[in-house]
Amino acid sequence: MKARIQLVQGMTFVAESGSGHAVVVDGAPEIGGRDLGARPMELVLMGTGACSAIDVLHILRKARQAVTGCTVELEAECATEDPKVFKKIHFRFVVSGRGLSSPQVERAVALSKDKYCSATAMLAKTAEITTAIEIRDSEAAQT
């Protein structure tokens, strides 16, 4: 895996992945940033949520669950002293579908957290990871 981070101006960078995708990263205004992009630690949190969401969706689809939506909301607390690592991260999964099995969704979230999500595994070295799950029935919403 590779990445390239290039200064654009001030504290604004373009971060390009080895697969050729780019995002704008910026520092906070109090250190000279212009608020043009996500902060680096926000990207870490977003990447972790995306990593876990992909796991959960993949596991549920392999289990033949009719998933129509998956949202992961994350809230994190950072240490007050440098390095300001994550100390707590709470994942709230909202999974939508038709006739979803609650045990299957719970299993998928647990497998992502405890076995498959590399980002969560790394962050669990410094942070307490907690999860909550909400299941929404797509059929109920249509009637």
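## Some details on the sheet that holds strand 1 (residues 3-9)
Step number 1: An order of 1-2-3 is seen for the three strands of this open sheet, with the pairing classed as antiparallel. Each edge of the open sheet carries a strand with a single partner, namely strand 1 and strand 3 (22-26). In this sheet, neighbouring strand axes are inclined to one another by 25° on average, regardless of whether the strands run parallel or antiparallel.

## Observations regarding the packing of aromatic side chains
Step number 1: A complete count under the given rule lists one aromatic pair for this structure.
Step number 2: With centroids separated by 6.0 Å and ring planes inclined at 10°, the aromatic side chains of Phe 91 and Phe 93 adopt a geometry described as stacked. In this structure, Phe 91 and Phe 93 share a single accessibility class: buried.

## Describing the confidence of the model for the chain
Step number 1: Residue-level pLDDT values for the chain average 95, and 97% of them are 70 or greater.
Step number 2: Element-level mean pLDDT values for the chain span from 64 in helix 4 (residues 138-142) up to 98 in strand 5 (residues 86-98).

## Brief notes about the nonpolar core
In globular proteins that are soluble, nonpolar side chains generally tend to be buried together.
Step number 1: Counting 19 residues, the largest nonpolar core has Val 56, Leu 60, Phe 86, Ile 89, Phe 91, Phe 93 and Val 95 as its most contacted members.
Step number 2: Going through the elements one at a time, helix 1 (40-62), strand 4 (66-78), strand 5 and helix 2 (102-116) are the ones with two or more residues in this core.
Step number 3: Excluding its chain neighbours within four sequence positions, the residues that come into contact with Ile 89 are Leu 45, Leu 74, Glu 75, Ala 76, Leu 123, Ala 127, Glu 128, Ile 129 and Thr 130.

## Some points on the pattern of salt bridges
Step number 1: In the structure shown here, the tally under the stated rule is six salt bridges.
Step number 2: Among the salt bridges present, the one from Arg 39 reaches Asp 35, with a minimum N-O distance of 2.9 Å.
Step number 3: Residues Arg 92 and Glu 134 are paired through a salt bridge, measuring 2.3 Å at the closest nitrogen-oxygen approach. You can see Arg 92 sitting in strand 5 and its partner Glu 134 sitting in strand 6 (residues 128-137), a full 42 residues away along the chain.
Step number 4: Judged by its relative accessible area of 24%, Glu 134 falls in the partly exposed class.

About the thresholds
- In this convention, every chain numbers its residues from 1, walking through the sequence in written order.
- This being a predicted model, a pLDDT of at least 70 is required before a residue's local features are given, and a value of 80 or more before pairs of side-chain atoms are given or counted; all residues contribute to the totals for chains, interfaces and linings.
- Just so you know, side-chain values use all the structure's heavy atoms and leave hydrogens and water out.
- Paired strands, as defined in this entry, are two strands with at least two bridges between them according to DSSP.
- Numbering of helices and strands runs from the N terminus, with a helix taken as a DSSP run of H or I at least four residues long and a strand as a DSSP run of E at least two residues long.
- A fitted line through C-alpha atoms serves as each axis, taken over the contacting stretch for helices, and the angle formed by two N-to-C directions is quoted from 0 to 180°.
- Each Phe, Tyr or Trp ring (for Trp, its six-membered ring) is paired with any other whose centre lies within 6.5 Å, and the angle between the two planes then decides the class: stacked below 30 degrees, edge-to-face above 60, tilted in between.
- The cut-offs for exposure are 20% and 50% of the maximum accessible area for each residue type, with area from a 1.4 Å probe on protein chains only; residues under the lower value are buried, those over the upper are exposed, and the others partly exposed.
- Confidence scores labelled pLDDT are given residue by residue by the predictor and lie between 0 and 100.
- Residues enter a nonpolar core if they are buried and are Ala, Val, Leu, Ile, Met, Phe, Trp, Tyr or Cys, with the set joined through side-chain atoms within 4.5 Å.
- We call two residues in contact when some of their heavy atoms are within 4.5 Å.
- Definition used for salt bridges: Asp or Glu carboxyl oxygen within 4 Å of a side-chain nitrogen of Lys or Arg.

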